[in-house]
Amino acid sequence: MIDMFFANAFDTRLLAMVFAAIGAIATVLTLAMPLIATDTLGKRMRSVAIEREKIRQRERERLARGEKISLRRSPKQYMQTIVDQFNLNKWVGQEEARALLVQAGYRGHAPYITFLFFRLIVPAVMLVASLFYVFVVIELDQPAVVKIGLCIGATYLGMHLPVLYIKNKITRRQLSIKRAFPDALDLLLICVESGMSIEAGFKRVAAEIGSQSIPLTEELTLTNAELSYLQDRRQAYENLAKRTNLEGVKSVCMALQQAERYGTPLAQTLRVMAQENRDMRMSEAEKKAAALPPKLTVPMILFFLPVLFVVILGPAAIRVMETMR
């Protein structure tokens, strides 16, 4: 069987048929995917409504039993114990870690303890797994120094894996907010021009923009709560800028602070900032479009040109080979 495979592996006719079949399947899938894909927003909204009813029923039962209800999640006891025993709050940057977690959407003390716990556990797991894999599974034919170096490298990678996960979460969250933020500013402008206060505008925009960006809805809802309860309204805008860490959001927060401080018209400020954010989004799209041809050069050379040569020169090569036979 293996000899037959290697004997037919370099048959030009067989290779041409295989590449043609792969191209045909890829073309069919490309054309059929938009027809097969369905809008899952309705299903998600129904599942959220069902889950909301379950939570409401469960909380009513807890209230009927007289249990104490807390909105703040507490960390796992074993995680808290390990973090306290190893005193991880000192050797991990506390403020920096909290800032990263807030930007990723994790708030409260429980995500912070979980993050510190995984900063300790993941390197140990990577060290044990790399030692077992290098010395037992593959039996690498290398000096012991090389094997130990590979294990140390895996451990070093494990130290940074939780941070990489958080940064990846932050990037996806910022991208979602950046795409929906100009539309949210337009909605907020309409609300303010219709006579709503900024708090009511934030609440209304948060309810409407949820279909585009759930992270932006969370941030606007939290900002609305802070505007209602904090003594200094400027602090609410500063917290929004820190939680998102986006230049467009920072400029809007600064403009809102100046509008409240100096009494400038809020609608005019929002109109200007909405246009600036749209221009920023358009410039980023133009940048990506301009960078597309250089990025496509290598895939075209590696994938498109060989297939094109097979399609064009394949029949001629087959005829030449048959003639020589």
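Since the model is a prediction, treat every value here as computed from it, not as a measurement. (Residues numbered from 1 in each chain as written. Predicted model: local features only at pLDDT ≥ 70, side-chain atom pairs only at ≥ 80, totals over all residues. Heavy atoms only, no water.)

**Comments concerning the overall build of the protein**
Summing up its helical and strand segments, the protein has 14 helices and zero strands in all. Reading the secondary structure of the protein in the N-to-C direction produces α-α-α-α-α-α-α-α-α-α-α-α-α-α. A total of 325 residues make up the protein; the buried ones form 26% of that total. Long-range pairs, those at least 24 residues apart, make up 64% of the contacts in the protein between residues at least 6 apart in sequence. (Helix = DSSP H or I, 4+ residues; strand = E, 2+ residues; numbered from the N terminus. Buried < 20%, exposed > 50% of the residue type's maximum accessible area, 1.4 Å probe, protein only. Contact = heavy atoms within 4.5 Å.)

**Looking at the pattern of salt bridges**
Per the stated rule, a full pass over the model turns up 14 salt bridges. Across the pair E219 and R107 runs a salt bridge whose closest N-O atoms are separated by 2.7 Å. Of this pair, E219 sits in helix α10 (residues 214-229) while R107 is found in the loop between α6 (94-103) and α7 (109-137), placing the two residues 112 residues apart along the sequence. For R243, the salt bridge identified is with E219, shortest N-O distance 2.5 Å. Pair noted here: R243 is in helix α11 (residues 233-244) and E219 is in helix α10, with a separation of 24 residues, a long-range link. One exposure class covers both R243 and E219, and it is buried. Residues participating in the shared-partner salt-bridge network are R107, R173, E218, E219, E226 and R243. (Salt bridge = Lys/Arg side-chain N within 4 Å of Asp/Glu carboxyl O.)

**Some thoughts on the packing of helix α4 (residues 77-86) against α7**
Pairs of packed helices are described in terms of their axes, by the angle between the two and the distance that separates them. Orientation of α4 relative to α7, taken along the N-to-C sense of each, is 65°, at an axis distance of 9 Å. Regarding α4 and α7, the two cross each other, and that crossing is left-handed. The residues of α7 that touch α4, namely those facing Y78, M79, Q80, I82, V83 and F86, are H109, I113, T114, L116, F117, F118 and L120. Looking at the contact of α4 with α7 residue by residue, the classes come out as ten nonpolar, three polar and no charged. (Axes fitted to C-alpha atoms, helices over the stretch in contact; angles between N-to-C directions. Left-handed = near helix turned anticlockwise from the far one by under 90°. Nonpolar A, V, L, I, M, F, W, Y, C, P; charged D, E, K, R; others polar.)

**Here's the deal with unusual backbone geometry**
A positive phi angle, near 55°, is found at N245, a position not held by glycine. The residue N245 is located in the loop between α11 and α12 (247-262) in this model.

**Section: the nonpolar core**
Among the nonpolar cores identified, the biggest contains 31 residues, and F202 and L216 are the most heavily contacted of them. Going through the elements one at a time, α8 (144-193), α9 (198-208), α10, α11, α12 and α13 (266-290) are the ones with two or more residues in this core. The leading source of residues in this core is α8, at nine residues. With 15 residues, the next largest nonpolar core counts V83, L100, Y112 and I113 among its residues. (Core = buried A, V, L, I, M, F, W, Y, C linked by side-chain atoms within 4.5 Å.)

**So, the packing of aromatic side chains**
Counting across every chain of the model gives one aromatic pair. With a centroid separation of 5.6 Å and an interplanar angle of 80°, the aromatic rings of F117 and F118 are classed as edge-to-face. Of the residues examined, F117 reaches a relative accessible area of 9% and is grouped as buried. When the ring centre of Y112 is taken as origin, the NZ or CZ atom of R98, which lies over that ring, is 4.0 Å away. (Phe/Tyr/Trp six-rings, centres within 6.5 Å; stacked < 30°, edge-to-face > 60°. Lys NZ or Arg CZ within 6 Å of the ring centre and 35° of its normal.)

**Structural notes on the side chain of R173**
Following the sequence through the fold, R173 ends up in helix α8. We classify R173 as buried; its relative accessible area is 9%. Excluding its chain neighbours within four sequence positions, the residues that come into contact with R173 are Q103, A104, G105, R107, P215, E218 and E219.

**Details of α4**
Buried residues of α4: M79, Q80 and V83, and no others. Looking down the long axis of α4, one finds its buried residues gathered within 100° of arc, a one-sided arrangement. In α4, the exposed residues that point more than 90 degrees away from the buried face are Q77, Q85 and F86. N87 sits one or two positions beyond α4 and adopts a positive phi of about 55°. (Arc of directions from axis to C-beta.)

**A look at α9**
For α9, the complete set of buried residues consists of I198, E199, G201, F202, V205 and A206. For α9, the angular spread of the buried residues around the axis is 160°, confining them to a single face. Facing away from the buried side of α9, by more than 90 degrees, are the exposed residues K203 and A207. Considering only its buried residues, α9 is in contact with α8, α10, α11, α12 and α13.

**As for the environment of A317**
Mapping A317 onto the fold places it in helix α14 (residues 292-324). Taking the C-alpha atoms as reference, A317 lies 9.3 Å from R13; in sequence the two are 304 residues apart.

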